[in-house]
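One-letter residues, chain by chain:
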Amino acid sequence: MSSSHTDCHYCLQSLRGRKYALRDENAYCVACYDSLYANPCEECKQPIECNSKDLAYKGRHWHERCFKCAKCSRSLVEKPFAAKDEVLLCTECYSDEYSSKCFHCQKTIMPGSRKMEFKGSSWHESCFVCRYCQQPLGTKPLITKDNENYCVPCFEKQFAHHCYSCKKVITSGGVTCHDQPWHKECFVCAGCKTQLYGQRFISKDEYPYCVDCFSKLYAKKCAACKKPVTALGSAKYISFEERQWHGECFNCAKCSVSLVSREFLTRQDDILCHECASAS
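Here the residue numbers are simple positions, counted from 1 along each chain's written sequence. Selection of residues for local features in this predicted model requires a pLDDT of at least 70, selection of side-chain atom pairs for listing and counting requires 80 or more, and totals for whole chains, interfaces and linings are taken over all residues. For side-chain calculations, the full set of non-hydrogen atoms in the structure is used, while hydrogens and water are omitted.

Where an unreviewed UniProt entry is consulted, the chain appears under the name Four and a half LIM domains protein 5, with the organism given as Pipra filicauda. UniProt positions are given in the numbering used here, feature names are shortened, and annotations may be inferred rather than shown by experiment. As stated in UniProt under Subcellular location (unreviewed entry), the record for the chain gives "Nucleus".

With that out of the way, let us pick up the overall build of the chain. Looking only at helices and strands, one finds 5 helices and 20 strands in the chain. Throughout, the radius of gyration refers to the C-alpha atoms, and the reference size of a globule is 2.2 Å times the residue count to the power 0.38. For 280 residues, the compact-globule formula gives about 19 Å, and the C-alpha radius of gyration of the chain, at 47 Å, lies well above that figure. Each principal axis of the C-alpha distribution contributes one length, and for the chain these read about 160 × 30 × 30 Å. To sort residues, take the accessible area from a 1.4 Å probe on protein chains only and compare it with the maximum for the residue type: under 20% means buried, over 50% means exposed, and anything in between is partly exposed. Counting every position in the chain, which comprises 280 residues, the buried fraction comes to 32%. Sequence-distant contacts, at least 24 apart, represent 11% of the contacts inside the chain between residues at least 6 apart. Where helices and strands are cited, they refer to DSSP runs of H or I of at least four residues and of E of at least two residues respectively, numbered from the N terminus. Two residues qualify as a contact provided that any one of their heavy atoms is within 4.5 Å of a heavy atom in the partner residue.

Here the UniProt feature "domain: LIM zinc-binding" (unreviewed entry) sits at residues 39-99, 100-161 and 220-280. End C-alpha atoms of residues 39-99 are separated by 33 Å, and the span's content is 13% helix alongside 26% strand.

The next subject is the packing of aromatic side chains. Stacked, tilted and edge-to-face pairs are distinguished by plane angle, under 30 degrees for stacked and over 60 for edge-to-face with tilted covering the rest, among Phe, Tyr and Trp rings (Trp via its six-membered ring) whose centres lie within 6.5 Å. Taken as a whole and assessed by the stated rule, the structure comprises 22 aromatic pairs. Each ring, one from Tyr-33 and one from Tyr-37, has its centre 5.4 Å from the other, and the planes form 50 degrees; the classification is tilted. Of this pair, Tyr-33 and Tyr-37 both sit in helix 1 (residues 30-37), 4 residues apart, which is roughly one turn of the helix. Judged by centre distance (5.1 Å) and plane angle (80 degrees), the ring pair of Tyr-57 and Phe-81 falls under edge-to-face. Here Tyr-57, found in strand 3 (residues 54-57), pairs with Phe-81, found in strand 5 (residues 81-84); they are 24 residues apart in sequence, far enough to count as distant. Given a relative accessible area of 27%, Phe-81 falls into the partly exposed group. Grouped by ring-pair contacts, the aromatic residues Tyr-164, Trp-182, Phe-187, Phe-201 and Tyr-207 constitute a single cluster. Any Lys NZ or Arg CZ found within 6 Å of a ring centre and within 35 degrees of that ring's normal is scored as a charge over the ring. Taking the ring centre of Phe-159 as reference, the NZ or CZ of Lys-145 above it sits at 5.1 Å. If you follow Lys-167 out to its NZ or CZ, it ends over the ring of Tyr-164, 4.8 Å from the centre.

Looking now at the pairing of strand 17 (residues 237-240). In this analysis, strands are considered paired if DSSP registers two or more bridges between them. When strand 17 meets strand 18 (residues 243-246), the two strands line up antiparallel, connected through 4 bridges. Bridge pairing in strand 18 places Phe-240 opposite Arg-243. Here strand 17 folds back onto strand 18 in antiparallel fashion, the turn holding 2 residues, of which Glu-241 has a positive phi close to 45 degrees.

Rendered as structure tokens:
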């Protein structure tokens, strides 16, 4: 620039008709100003002269022509860029080198775009959706199966077991009876409604019964004592011509000797050992 300043503040040469630069209200010829105050360019290491544009970033300086991507060499002037280990990169090169890849589409997640993270992997926000209904999951509760994410309603609809009794989803635990799932609290005797989890039970028509209820409702009666006959545990019973006996009740009607594993004869409704039958 030209002005009424007459001499260079440093070399004292006349500035009449010459370009000069001002600093702290003092005028300098171009040569003195550049040698005293010009910033060195980060790229070419040459001074950024006062008639050149000085681009600064975090205390470092570049010529306009030197302010470019360290990888592809495209100019970064008035363009978005990123810095990594003090190296300047355009957004495309930065993304290729350092940005996460979307777990779903395997494309780069560009800097500045919203990224969803789950179990150590990253997704574009638009890719982080329920596998079934395709609605965004965002920060909603989700369930993963076979590396696919589902919102809770869709997972329950597709995969969760439903209680055979109340038809509601079984979220944890449960009991299986005849390949049907039950909540523990729903697994009760069909007769008296007593909790059966961890207890002995008998199934009939896919419903469980406690031993007492099953015996009262369905068990056949002993021909001798008239009490229910069951085959639970180590209990033995004998069946003959549509009649049943407890093992301990299967005795000769006259002498009361046990007929279990012995030959016997019948006379009307009685069973008799050979000796008693012969003596009659």
